[in-house]
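Descriptive analysis of the structure
If you want the building blocks of each chain, they are given just below.
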Amino acid sequence: MKKFIRNSFALLFVASLITSCDVGDDEELNYGNGAYVTQFPYASKTAFFLKDENEVIYDYTVPVELVGGNGLAVGSDITVTFEKLDYVDDASVTFDDTYVTAVEGEDFDFVNTSNVLTIPAGSKFATIPIKVYSANLDDLNQPVLVLNLTQSSADGVNVVNSGNKSKINVVLQAQCPSDLGGTYSTAITRLTPAGGPYSVASEVITDLGDGNYSNQATGNFTLAAYGLVLGGPWNNLSVPAPRGGFIFKEVCGRIAVEEQNLFDYYSNLVQQTPAQYAASSVNLSTGVITIEYTVTFAAGNRSFRSIYTPL
């Protein structure tokens, strides 16, 4: 079957993938007046690719950056070599238990098979281009491409690889077609501590594109500006917040809630544990959406289950 090439989109997924702030070994490099350092800008990233029966091939790039030195670009080309490593499960977390090593020639291919990239003279950035075979990706067993910078050099300039940012995990996440935008009646239960029920007679879920959506209520909190018809002891707030609900993503029938501030305004966080993610899904027959999530509070976190029935 004929294959087509398209550009991909990439999003950050769970909060546990965020790069640590610890400078680690790089602290010895004395950024600002020491060696130049080549590194990946983050330790992990999840890239989403729409599965397509036409065997679409996506172009994707992994960025490499130059930092340190005197803060300026180098006047000569910088040659950087890299290698592919096998994925190793982090036993201290559970979100990655379904990850497997990405297979070259099956899940992806390098555009440049020499595993060498060049940061051009006068530039501080370069990329590692790959091609991703969307039809082969398994959304339940996400392949992870692990890249490791091995050597960096330039004429007349001291360039080294980062001590703690020389490796990156790129999760090649399959994304199925998604169409959840619309109007729903919502039933909400507070699971811990027990509370509710709460209801919204008519709540709009807005399609933000690429399988991302926003709703209008988080637990029993929402914005008075929406004018929703509410049932139960609601906190109908009048604040200049961007939204009263939260942003979520559909991943082939499963619902993921990335960590975010409540209403994108308060310091309270909206989170989703692995168990809550496993319990969040779309019924493909009825269109009913179930989402479990937690809102953090100083007095104790509150977990909720929201069920959306199409109107």
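Just above sits the structure.
What comes next concerns the included structure. (Residues numbered from 1 in each chain as written. Predicted model: local features only at pLDDT ≥ 70, side-chain atom pairs only at ≥ 80, totals over all residues. Heavy atoms only, no water.)

A word on unusual backbone geometry. Along the chain, Thr192 connects to Pro193 via a cis peptide bond; the corresponding omega equals -20 degrees. On the secondary structure map, Pro193 appears in the loop between β14 (182–192) and β15 (195–209). A cis amide bond, omega 5 degrees, links Gly196 with the succeeding residue Pro197. Summarising the element assignment, Pro197 is placed in strand β15. Positive phi values are uncommon outside glycine, yet Asn115 reaches one of about 55 degrees. Of note, Asn115 is situated in the loop between β8 (108–110) and β9 (116–119). Despite not being glycine, Cys252 shows a phi value in the positive range, around 55 degrees. If you trace the backbone, Cys252 turns up in the loop between β21 (247–251) and β22 (254–256). (Helix = DSSP H or I, 4+ residues; strand = E, 2+ residues; numbered from the N terminus.)

Before going further, it helps to examine the nonpolar core. Ile128 and Leu147 are the most contacted members of the largest nonpolar core, which totals 34 residues. Contributing elements (two or more residues each) for this core: β4 (44–50), β5 (57–68), β6 (78–85), β8, β9, β10 (125–133), β11 (143–153) and β13 (167–175). Once residues lying within four places of it in the same chain are set aside, the contact partners of Leu147 are Phe40, Val62, Phe82, Glu83, Lys84, Phe110, Ile128, Ser166, Lys167 and Ile168. (Core = buried A, V, L, I, M, F, W, Y, C linked by side-chain atoms within 4.5 Å. Buried < 20%, exposed > 50% of the residue type's maximum accessible area, 1.4 Å probe, protein only. Contact = heavy atoms within 4.5 Å.)

Summed over the entire model, instances satisfying the criterion amount to four salt bridges. The closest approach of N and O atoms between Asp59 and Lys131, which form a salt bridge, is 2.8 Å. Of this pair, Asp59 sits in strand β5 while Lys131 sits in strand β10; the two residues are 72 residues apart in sequence, bridging distant segments of the chain. Look at Lys131 and you get partly exposed, because its relative accessible area is 26%. Between Asp139 and Arg254 there is a salt bridge whose closest N-O contact spans 3.0 Å. One end of the pair, Asp139, is in the loop between β10 and β11; the other, Arg254, is in strand β22, with 115 residues separating them in the sequence. Side by side, Asp139 and Arg254 carry an identical accessibility label, which is buried. (Salt bridge = Lys/Arg side-chain N within 4 Å of Asp/Glu carboxyl O.)

Our focus in this paragraph is the state of the cysteines. Simply put, disulfide is the name for a covalent bond between the sulfur atoms of two cysteines. This structure, assessed with the given rule, holds one disulfide. Covalent S-S linkage joins Cys176 and Cys252, the inter-sulfur distance amounting to 2.0 Å. Of note, the bridge from Cys176 to Cys252 carries an S-S torsion of about 95 degrees and is right-handed in sense. Residue Cys176 is found in the loop between β13 and β14, and its partner Cys252 is found in the loop between β21 and β22; the two are separated by 76 residues along the sequence. For Cys176, a relative accessible area of 21% translates into the label partly exposed. (Disulfide = S-S within 2.5 Å.)

The next subject is the packing of aromatic side chains. Overall, the coordinates contain 14 aromatic pairs when judged by the stated rule. With 5.6 Å between their ring centres and 75 degrees between their planes, Phe49 and Tyr60 make a pair best called edge-to-face. Of this pair, Phe49 sits in strand β4 while Tyr60 sits in strand β5, and the two are 11 residues apart along the sequence. Overall, Phe49 belongs to the buried group, its relative accessible area being 0%. You can call Tyr60 buried: its relative accessible area is 8%. Between Tyr198 and Trp234 the ring centres are 6.2 Å apart and the planes differ by 70 degrees, which places this aromatic pair in the edge-to-face class. With Tyr198 in strand β15 and Trp234 in the loop between β19 (230–231) and β20 (235–237), this pair connects stretches of sequence that are 36 residues apart. What links up through ring pairs into an aromatic cluster is the set Tyr213, Phe246, Phe248, Tyr293 and Phe304. The ring centre of Phe48 lies 4.4 Å from the NZ or CZ of Lys249, which sits over that ring. Just above the ring of Phe297 sits the side chain of Arg302; from NZ or CZ to the centre is 4.1 Å. (Phe/Tyr/Trp six-rings, centres within 6.5 Å; stacked < 30°, edge-to-face > 60°. Lys NZ or Arg CZ within 6 Å of the ring centre and 35° of its normal.)

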